[in-house]
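Residues per chain, in single letters:
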Amino acid sequence: MMTLRENAMAIYNREQPDFYGDLMDAIVLLPDPVSRGDLPPQDGLEHKDSWGTVYIWKPGSPGPHPHVTKENAVISDIEKWEEQLVVPSLDHLDWTLCEQVAAKVDRKEKFVGFLFGGGLFERSHHLMGMETALINYLEYPDEMAALLRKIADYKIEYIRLISEKVHPDIIFYHDDWGSKQNVFLPPRVWRAIIKPLQKEISDVIHECGMIYMHHADCICQPIVTDMVEIGVDIWQGVIAQNDIVEIQRITEGKLAMVGGIDGPKLDIENITEEAIRAEVRRAIDTYCPGGRFYPSIPNGICFLEWNNRIVKDELKKYGRQWALEHPVV
């Protein structure tokens, strides 16, 4: 019987796995010293992170969200971004807990992953607000490119530091580039401003001997071949609103993917057990034939506990059955 890591690598390498299931089950995510320091209390009040962005975590909500207004935006004038932005220092971070968790992982059994939040696009709109950021990408591309250069330099420095301190197997990089309807930026704008810097970040991840897994639970289909060119190894969070079968075709199997189960469709009251199981089977039947696919809920879980248990149970049962009935040749 394969370990979770061995099974995941079998899928990644187009070899025969014991089962098809969520790659995240094979990863132990390390606590990020920066994110831990930036995490606001769940009190519904305003708190600033290390970049100066105001966040609110409402009681009962899944997590904190930026609350950027004209009054509290870090960057209120993109033409003055250099005097308004203060890049946080990476000195004096407390790595104790991160190192302790990493040391306890049996890397023959599981991967060590590092959750790397707030990508270039997300950080840019957290600094000035989404609407303002989208306008600035179109009307002030040079200034936005210069701002993102500064953010990318910070991230590259941090990736090298992460590698030095705990050397994870996987950098789990977060940057949502779209919604359920489309990418946020016109592809030409994304390619001109974000893509070159993202390629540099990818190169550093690979130079450090780590896998680059990119989280974006949104539409990325218009730029998916660019993701391959950048060097994304795994796309985590692939929502069913993408034409996943077509993506598998045009990327020629060069991009491993995690997702495919329509989570919001299942994460509702008054849904039947059979409807949940049918959606899990649909995802496996539709996307696993293309290879290098890990069926899962793109955002990780159903928040309704009963629904989530059914999803996990069907993945465990049908994912193993499908592997047995469809051997890799």
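In what follows, the accompanying structure is described. Not measured: the values here are computed from a predicted model.

Taken in spatial order, the three strands line up as S2-S3-S4 in an open sheet, and their pairing is antiparallel. A single partner strand is all that each edge strand has here, and the edge strands are strand S2 (46–48) and strand S4 (65–66). Bridge count for strand S3 (residues 54–56) against S4 is two bridges, and the pairing is antiparallel. Looking at the pairing, tyrosine 55 lines up with proline 66 of S4.

A separate point is the sheet that holds strand S7 (residues 211–215). Ordered by their spatial adjacency, seven strands build an open sheet running S1-S5-S6-S7-S8-S9-S10, and the pairing between neighbours is parallel. Looking at strand neighbours, the two that pair on one side only are strand S1 (27–30) and strand S10 (293–296), the edges of this open sheet. Pairs of neighbouring strands in the sheet enclose a mean axial angle of 25°, with direction left out of account. Here S7 runs beside strand S8 (residues 234–238); their pairing, made up of three bridges, is parallel. Bridge assignment links histidine 215 to a residue of S8, and that residue is glutamine 236. Its contacts with the sheet put helix H1 (residues 4–12) on strand S5 (111–116), S8, strand S9 (256–260) and S10, and the angle it makes with S10 is roughly 120°.

The next thing to look at is empty space enclosed by the protein. Scanning the entire structure with this criterion turns up three cavities of 30 Å³ or more. Roughly 70 Å³ of volume is contained in the largest cavity. If you go around the largest cavity, the residues you meet are Leu4, Asn7, Ala8, Ile11, Phe19, Gly21, Asp22, Leu23, Asp25, Ala26 and Tyr294. Residues of the lining of the largest cavity, tallied by class, amount to seven nonpolar, two polar and two charged. Within this model, the second largest cavity holds a volume of roughly 40 Å³. Residue lining of the second largest cavity: Ala8, Met9, Tyr12, Leu23, Phe111, Ile170, Ile211, Ile234 and Tyr294, and that is the complete set. If you tally residues by element for the lining of the second largest cavity, the top one is H1, at three residues. Considered class by class, the residues forming the lining of the second largest cavity number nine nonpolar, no polar and no charged.

With that settled, consider the layout of surface pockets. If you add up the space inside the largest pocket, you get close to 1,700 Å³. At the level of secondary structure, the elements contributing two or more residues to the lining of the largest pocket comprise S1, helix H2 (33–38), S4, S5, helix H5 (120–128), helix H7 (141–165) and strand S6 (170–174). Lining of the second largest pocket is provided by 13 residues; of these, Thr69, Lys70, Ala73, Met128 and Thr132 occupy positions nearest its centre. Looking at the lining of the second largest pocket, the element that brings in the most residues is helix H6 (residues 130–139), giving three residues. Taken together, the residues that form the lining of the second largest pocket break down as five nonpolar, five polar and three charged.

All right, on to the nonpolar core then. One broad rule of soluble globular proteins: the nonpolar side chains tend to lie buried together. In terms of nonpolar packing, the biggest core is built from 99 residues, with Tyr137, Leu147 and Trp235 touching the most fellow members. Looking at which element gives the most residues to this core, the answer is H7, with 11 residues.

We now examine the packing of aromatic side chains. Counted under the stated rule, the structure contains 13 aromatic pairs. Their ring planes at 35° and their centres at 6.4 Å tell us that tyrosine 154 and tyrosine 158 sit as a pair that is tilted. Of this pair, tyrosine 154 and tyrosine 158 both sit in helix H7, four residues apart, which is roughly one turn of that helix. An aromatic cluster is present here, built from Trp51, Trp95, Phe114, Phe116, Tyr154, Tyr158, Tyr173 and Tyr212 joined pairwise through their rings.

Conventions adopted
- Residues numbered from 1 in each chain as written.
- Predicted model: local features only at pLDDT ≥ 70, side-chain atom pairs only at ≥ 80, totals over all residues.
- Heavy atoms only, no water.
- Pairing = 2+ DSSP bridges.
- Helix = DSSP H or I, 4+ residues; strand = E, 2+ residues; numbered from the N terminus.
- Axes fitted to C-alpha atoms, helices over the stretch in contact; angles between N-to-C directions.
- Contact = heavy atoms within 4.5 Å.
- 1 Å grid on protein atoms, 1.4 Å probe; cavity = no way out; pocket = protein on both sides within 12 Å on 5 of 7 lines; lining within 4 Å.
- Points joined across faces, edges and corners; volume = space filled by probe spheres on them.
- Nonpolar A, V, L, I, M, F, W, Y, C, P; charged D, E, K, R; others polar.
- Core = buried A, V, L, I, M, F, W, Y, C linked by side-chain atoms within 4.5 Å.
- Buried < 20%, exposed > 50% of the residue type's maximum accessible area, 1.4 Å probe, protein only.
- Phe/Tyr/Trp six-rings, centres within 6.5 Å; stacked < 30°, edge-to-face > 60°.

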